[in-house]
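Below, each chain spelled out in residue letters.
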Amino acid sequence: MNTTYQAWQKFLAEVGDVSRFTLRFFKEFLRPRYEGQELLRQSFYIGYKSLGLVGITAFIMGLVITIQSRPTLVEFGAEAWLPKMVSVSLVREIAPVISALICAGKIGSSIGAELGSMKVTEQIDAMEVSGTNPFKYLVVTRVLAATFMIPILAVLADAISLYGGYLGANIRGVVSWDLYWNQVFDTLAYADIVPSIIKTFFFGFAIGIIGCYKGYNSNKGTEGVGRSANAAVVVASLLVFVIDLIVVQLTDVLNLT
Amino acid sequence: METAQGPVIHLDKLNKSFGSNHVLRDFSFDLHPEENVVVLGKSGSGKSVLIKCIIGLLKPDSGIVNVFGKDIPDLDQDELDRMRVKVGFLFQSNALYDSMTVRENLEFPLRRHLIQKNRETVDELVMEALSNVGLANTVDMMPSQLSGGMRKRIALARTLILKPEIILYDEPTTGLDPITAMEIINLIIEVQKKYKASSLIISHDMNCVKYAAHRVVMLIDGECYAVGTYEELKRSTDTKVKQFFE
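Remember, it's a predicted structure, so these values are computed and weren't measured experimentally. (Residues numbered from 1 in each chain as written. Chains lettered and ligands numbered in written order. Predicted model: local features only at pLDDT ≥ 70, side-chain atom pairs only at ≥ 80, totals over all residues.)

### Re the overall build of chain B
(1) Moving on: A tally of regular secondary structure across chain B gives nine helices and 10 strands.
(2) Moving on: A globule of 246 residues ought to have a C-alpha radius of gyration of about 18 Å, and chain B, at 18 Å, matches this closely.
(3) Moving on: Classification of the 246 residues of chain B by burial places 42% in the buried group.
(4) Moving on: Pairs at least 24 residues apart make up 65% of the contacts formed inside chain B by residues separated by at least 6 positions. (Helix = DSSP H or I, 4+ residues; strand = E, 2+ residues; numbered from the N terminus. Rg over C-alpha atoms; globule rule 2.2 N^0.38 Å. Buried ≥ 20, exposed ≤ 12 C-beta atoms within 10 Å, placed from the backbone. Contact = placed C-beta atoms within 7 Å.)

### Observations concerning the pairing of strand β9 (residues 215-220) of chain B
Residue and element names in this part refer to chain B.
(1) Moving on: β9 sits mainly inside the fold: five of its six residues count as buried.
(2) Moving on: Note that strand β3 (residues 36-40) and β9 share four bridges and pair parallel. Counterpart to Val-37 in the pairing with β9 is Arg-215.
(3) Moving on: Where β9 meets strand β10 (residues 223-228), five bridges bridge the pair, whose relative direction is antiparallel. (Pairing = 2+ DSSP bridges.)

### Considering the interface of chain B and chain A
(1) Moving on: Each side of the interface is counted separately: chain B has 15 residues, and chain A has 11 residues.
(2) Moving on: Broken down by secondary-structure element, the contributors of at least two residues to the side of chain B that touches chain A are α2 (77-84) and α3 (102-113) of chain B.

### Quick word on the sheet that holds strand β4 (residues 62-67) of chain B
All names here are of chain B.
(1) Moving on: Ordered in space as β2-β1-β4-β5, the four strands form an open sheet in which the pairing is antiparallel. Of all strands in the sheet, those with a lone pairing partner are β2 (21-31) and β5 (70-71), marking the two edges.
(2) Moving on: Of the pairings in the sheet, the one linking strand β1 (residues 9-18) to β2 comprises seven bridges and is antiparallel in character. Directly across from Phe-18, in β2, lies its bridge partner Asn-21.

So this is what it looks like as structure tokens:
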């Protein structure tokens, strides 16, 4: 009983700390000076350097989903619906969520480990005593870069996974290039695309803020750095699913589906 | 070393605790212009806490921390940042930015505070700072490629690049072999003469105390236990003071 109470207490304290950290992010974000150059550098690392991994994963997901879905549709004589079904699944859910999970693993851990290591080796203190606001320079730039790069990666993942779907549809059957894309674009509506893009901004923000929070508050030496990186991935991945659930519920309630 | 200008750092009845651990107790002390003061004390005696209170990385529980006539705990972030440009800090761990080359490490504070930011001026200042510590050839190397002594020198060059009026050294010779440690001590003395800066050196290295200090402050049990020159303290009959000089 006591352990459960302590675990809840620890959890609520952590939620409070993350909320304070997030509020500080907004406060520092609005205050000049703006770290444009560092923001660009981080956008390059977060966006461009993750493109390969996200692209390969999206391609495989598109391919696999199409191959897996085909037999069931064939059973019901609905093979012609394959591009429609695959495109809705990929664009609404699979591509954005898988991209975000890949980014939670790659970017969340990298930010957590980098800031954690900077914290335990006093590099963050060194930045502060040199008259630079480390929160603004390290945290604000990384959170913004993650918030804006992950939606771009998700849109690219949508396109690549749909291409994977096209190849998957042609492994056992024959679907022409024009027919496949016509069916895809006929099926997809703004209500499929817009909410799925909007939620990726929240995914990006959550991945950035959790990675930075865990790294920035790292302690206990090198062991703490490992823990920060690990916790950043676990919490950010979990948050991706929670945000996804909330957005799906909201779009349903708002009748956007 | 007393001057008409008054102290550049003035600490009065400084207290700092972490939970029940009372680290600094009514610590009072002045650092005067162009003076080298070594704060001597055992490991865990609160030396690093003292230096972090001075630079504003830690907030004291009570007491006065006054640098260049300004109360550090009362400064807002912008004022603190402006003040920190005039105060260099050499970390015990060097705290070089791992992801940057030596050049970028030195350029970092320059680019943020130098109004004249053209490439030539920045290059000139970087090379001057590196030459001062005898490591001009390392400019394009990464910190991980350097030895402990070299990293310390680079960290010192980064500290000096904004030409601070006060330099705070946190255990500058810890973890170095005696020869490299002596080189660093000589550098501290040279730097003080060249830049006419005031230095506060946190150390438990008796060579550092002997050669670099104009004055020694003994920090024992969180208190300013004794103050004097190396020779004065060496002659002391107090048991706690004597144990450092035996």
